[in-house]
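Residue strings, one per chain:
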Amino acid sequence: MLGLGTRISFPTELIGNPVKSTNLWDVEGAATEVLLKPNSTQAEGGRAIVRAFTKDGFSFDIAATRVSNYKMNDVCVNVTLDGQMFTDQLRGQMAANRMSMAGGIAAQNELNADLRQKMIAMQQSAEDEKKKAIMEALNRFRYHIYTRYTWSKGSGFEAKGLISDVYDDGRFTYIRLYNPNRGLLSVETTVGGKNAIVPTDYSDANGMYVIAGIYPDFTLRMDEAKITVKRQDAESKGEY
């Protein structure tokens, strides 16, 4: 009834504030008590659902109906957990189950955290191994770099200031150019007493020719220009 209300008493303390389905009812909760009453005569406020939660793990759905006179108004309602479904033994078992579930969730969370840490450690270890392998490969590469090449000034306009540096790693010979846009070079050397064209790969991005193999000497040609390149130690082949 408008102006009157109902006090509902629960066997254990509430968790948080009760939740109401409409603002046409006033609802307050504290300790083990919930107070509710209608605040409107609107048709929409004729009924309300109030949900309350208690510390022992139970939830309650309260269906409240506005009445037209005070005789129909329930001033106080006591909620008791009785009957076969709510014996002390059953409540104890339910509480134990909830604690066990909470413990299981905590253990699972701890296991998941441990697995995440192990995965992070494994990824870091893999990255460290990768970096170590790269550094070892670079060190091996540095140890076998041979740079003692000399080359002639060359003949022809295209040959002047063409070569930046020449080196090899025991397997491939590398020729870097100052101005790679002057044209394409051909590489010639002597194989079996005969003049032969050496296969090369060219990297436009690096301005570098890569020759498979190492040679005591070879000749670079570009149109009419010619440059002779010599390896100071013709006997050394590097590790490879």
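Scroll up to find the structure.
Counting from 1, residues in each chain are numbered in the order their sequence is written. Local features in this predicted model are restricted to residues whose pLDDT is 70 or higher, and side-chain atom pairs enter the listing and the counts only when it is 80 or higher, whereas totals over whole chains, interfaces and linings include all residues. To obtain the side-chain values, all non-hydrogen atoms of the structure were included, while hydrogens and water were left out.

Participant: Kindly report on the side chain of threonine 189, identifying the contributing residues and their values.
Facilitator: The way it works is that DSSP assigns letters per residue, a run of H or I at least four long becomes a helix, a run of E at least two long becomes a strand, and they are numbered from the N terminus. Its location among the elements puts threonine 189 in strand 11 (residues 186-191). The classification of residues rests on relative accessible area computed with a 1.4 Å probe and restricted to protein chains. Under 20% of the type maximum is buried, over 50% is exposed, and intermediate values are partly exposed. The class of threonine 189 is buried, set by a relative accessible area of 5%. Polar contacts, as counted here, are pairs of nitrogen or oxygen atoms within 3.5 Å of one another; within protein the pair requires one atom able to donate a hydrogen and one able to accept it, and residues that are adjacent in sequence qualify only if both atoms are side-chain atoms. Within the structure, threonine 189 has its side chain in polar contact with the backbone oxygen of aspartate 217 (distance 2.9 Å). Here threonine 189 is in contact with Lys194, Asn195, Ala196, Val198, Tyr215, Asp217 and Phe218, once residues within four sequence places are set aside. Contacts are assigned to residue pairs with any non-hydrogen atoms lying within 4.5 Å of each other.

Participant: Describe the pattern of salt bridges, with residues and values.
Facilitator: Within this document, salt bridges are pairs made up of a side-chain nitrogen of Lys or Arg and a carboxyl oxygen of Asp or Glu, the two lying within 4 Å of each other. Summed over all chains, the structure comprises 6 salt bridges. The salt bridge involving aspartate 61 is made with arginine 51; its shortest N-O contact spans 3.3 Å. You can see aspartate 61 sitting in strand 6 (residues 59-65) and its partner arginine 51 sitting in strand 5 (residues 47-53), a full 10 residues away along the chain. The class of aspartate 61 is exposed, set by a relative accessible area of 58%. Using a relative accessible area of 39% as the deciding quantity, one classes arginine 51 as partly exposed.

Participant: Tell me about the nonpolar core, and name the residues and values.
Facilitator: Here, the term nonpolar core denotes a set of buried Ala, Val, Leu, Ile, Met, Phe, Trp, Tyr and Cys residues that are joined through side-chain atoms within 4.5 Å. Ile175, Phe218, Leu220 and Val229 are the most contacted members of the largest nonpolar core, which totals 18 residues. Elements with a contribution of two residues or more to this core: strand 9 (163-168), strand 10 (172-177), strand 14 (208-212), strand 15 (217-222) and strand 16 (225-231). A total of 3 residues in this core trace back to one element, the largest contributor, which is strand 15. The contact partners of leucine 220, leaving out residues within four places of it in the chain, are Ile163, Ile175, Leu185, Ser186, Val187, Ala225, Lys226, Ile227 and Val229.

Participant: Tell me what's going on with the pairing of strand 15, and back it up with residues and numbers.
Facilitator: Paired strands, as defined in this entry, are two strands with at least two bridges between them according to DSSP. Taken together, the 3 bridges between strand 11 and strand 15 define a ladder with antiparallel strand orientation. Following the sheet pairing, valine 187 is matched in strand 15 by leucine 220. In the sheet, strand 15 pairs with strand 16 via 6 bridges, with the strands oriented antiparallel. Opposite arginine 221, over in strand 16, you have lysine 226 as the bridge partner. Between strand 15 and strand 16, which follow one another and run antiparallel, lie 2 residues, and aspartate 223 among them has a positive phi close to 55 degrees.

Participant: An account of the sheet that holds strand 13 (residues 200-203) is requested, with residue identities and associated values reported.
Facilitator: The sheet built from 4 strands is open, its strands ordered 9-10-14-13 with antiparallel pairing. Since the sheet does not close on itself, it has two edges, and those belong to strand 9 and strand 13, each with one partner. Direction aside, the axes of adjacent strands within the sheet are offset by 15 degrees on average. Axis lines are fitted through C-alpha atoms, for helices just across the contact stretch, and the angle between N-to-C directions can take any value from 0 to 180 degrees.

Participant: Hey, could you go over the sheet that holds strand 6 for me, with residue numbers and the actual values?
Facilitator: Pairing is antiparallel in the open sheet, where 3 strands are placed in the order 2-5-6. Sheet topology places strand 2 (19-20) and strand 6 at the edges, where each strand pairs with a single neighbour.

Participant: Could you give an account of the environment of aspartate 233, naming the residues involved and the relevant values?
Facilitator: By the element assignment, aspartate 233 lies in the segment after strand 16. Aspartate 233 gets classed as partly exposed once you look at its relative accessible area, which sits at 28%. For aspartate 233 and proline 216, which are 17 residues apart along the polypeptide, the C-alpha to C-alpha distance reads 7.7 Å.

Participant: Talk me through a negative patch on the surface; I want residue IDs and the actual numbers.
Facilitator: Every patch collects residues that have over 30% relative accessible area and no salt bridge, joining them within 9 Å if they carry like charges and within 5 Å if they are nonpolar side chains (Val, Leu, Ile, Met, Phe, Trp, Tyr). The method behind every accessible area is Shrake-Rupley, applied with a 1.4 Å probe, and residues are considered shielded solely by the protein chains displayed. Working convention for charge: Lys and Arg count positive, Asp and Glu count negative, and His plus the chain ends are omitted. One atom stands in for each charge, and that atom is NZ of Lys, CZ of Arg, CG of Asp or CD of Glu. On the surface, a cluster of negative charge is made up of Glu127, Asp128, Glu129 and Glu136. Note on placement: glutamate 136 falls in helix 1 (residues 88-143). Take glutamate 136: its relative accessible area is 37%, and that puts it in the partly exposed class.

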